[in-house]
Amino acid sequence: MSILIIAEHNNLNLKSFSLNTINAAAKIDSDIHVLVAGNKCENVSKEVAAIPLVKKVLQSESANYENYLAENLTPLVVKMADKYTHIIASANTFGKNFMPRVAAMLDTSQISDIILIISPFAKTTVNPDTTVLIVPYFTAIVPEAEHAAIPPSAASAPGSIG
């Protein structure tokens, strides 16, 4: 199955947060689909289609999506959810507005503010032997035994993904 990214844009241009989200999603799976929901957002869809990591662009045109109201965007995302293993949006007010609603309607939990993906298959639990590593633009929950696996350059590369 694929990953669905919800693109953040202003109906004219893609926001850079969406590029970060696409790069992060590529660490999980290479089959990335991007939903561009908006009003008169054809240019955004073309911009997304030009990104090599994106396999498919889904465009939904409606005046209802122009201002990205969670009440309007959530049902669209939920309707598409059964085709995807992951649904990802940027971890800013855009994603934090509608993603909790999507998770609630799908009766699942969301994982918030992921900004570093170490491995798509990592199984990590939070316990006394686990440390949360926080550096600018990155957060990862890492078992004590794996600290040596995190390159020091990760802390000095704000804005890039792992």
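Residues numbered from 1 in each chain as written. Predicted model: local features only at pLDDT ≥ 70, side-chain atom pairs only at ≥ 80, totals over all residues. Heavy atoms only, no water.

Draft legend 1. Local environment of helix 4 (residues 93-105). Compared with the 18 Å implied by 1.5 Å per residue over 13 residues, the 19 Å span of helix 4 between its first and last C-alpha is a close match. The sharpest bend along helix 4 measures roughly 30° and falls at Met99, with the proline Pro100 sitting one to four residues further on. Listed as buried for helix 4 are Phe94, Gly95, Phe98, Met99, Val102 and Ala103. Contacts made by the buried residues of helix 4 are with strand 1 (2-6), helix 3 (70-80) and strand 4 (84-88). (Helix = DSSP H or I, 4+ residues; strand = E, 2+ residues; numbered from the N terminus. Expected span 1.5 Å × (residues − 1). Bend = angle between axes of the 7 residues up to and from the residue. Buried < 20%, exposed > 50% of the residue type's maximum accessible area, 1.4 Å probe, protein only. Contact = heavy atoms within 4.5 Å.)

Draft legend 2. Layout of unusual backbone geometry. Phi at Lys40 takes a positive value of approximately 55°, unusual for a residue other than glycine. As for its position among the elements, Lys40 is in the loop between strand 2 (32-38) and helix 2 (42-49). Take Lys40: its relative accessible area is 60%, and that puts it in the exposed class. The backbone phi angle of Asp107 is positive, close to 55°, even though this residue is not glycine. Among the structural elements, Asp107 can be located in the loop between helix 4 and strand 5 (130-135).

Draft legend 3. The arrangement of the side chain of Glu8 in detail. Residue position: Glu8 is located in the loop between strand 1 and helix 1 (16-25). Looking at Glu8, its side chain comes within polar contact range of the side chain of Asn92, at 2.9 Å. Those residues within four positions of Glu8 in sequence are excluded, and the remaining contacts are Leu14, Lys15, Phe17, Ser18, Ser90, Asn92 and Phe94. (Polar contact = N/O pair within 3.5 Å; in protein donor to acceptor, adjacent residues only side chain to side chain.)

Draft legend 4. Looking closely at the sheet that holds strand 1. Spatially, the four strands line up as an open sheet ordered 3-2-1-4, and their pairing is parallel. At either end of the open sheet lies a strand with only one pairing partner, and these are strand 3 (54-61) and strand 4. Averaged over all pairs of adjacent strands, the angle between their axes in this sheet comes to 25°, without regard to strand direction. Judged from the four bridges that link them, strand 1 and strand 2 form a sheet pairing that is parallel. Within strand 2, the position partnered with Ile5 by the bridge is Val34. Of the strands in this sheet, strand 2 and strand 3 touch helix 2, which is tilted by about 170° from strand 3. (Pairing = 2+ DSSP bridges. Axes fitted to C-alpha atoms, helices over the stretch in contact; angles between N-to-C directions.)

Draft legend 5. Here's a closer look at the confidence of the model for the protein. Per-residue confidence for the protein averages 76 on the pLDDT scale, and 71% of its residues sit at or above 70. Contacts from residues 123-162, a stretch scored under 50 in pLDDT, to residues over four places away or in other chains number 54 contacts. (pLDDT = per-residue confidence, 0-100.)

Draft legend 6. The arrangement of the nonpolar core in detail. By size, the foremost hydrophobic cluster in this structure holds 21 residues, and its most contacted members are Leu4, Ile6, Leu35, Leu73, Val77, Ile87 and Phe98. Put simply, the parts of the chain that give this core at least two residues each are strand 1, strand 2, helix 3, strand 4 and helix 4. The biggest single contributor to this core is helix 3, with six residues. Formed by 15 residues, the second largest nonpolar core is a distinct cluster that contains Leu14, Val34, Val36 and Val48. (Core = buried A, V, L, I, M, F, W, Y, C linked by side-chain atoms within 4.5 Å.)

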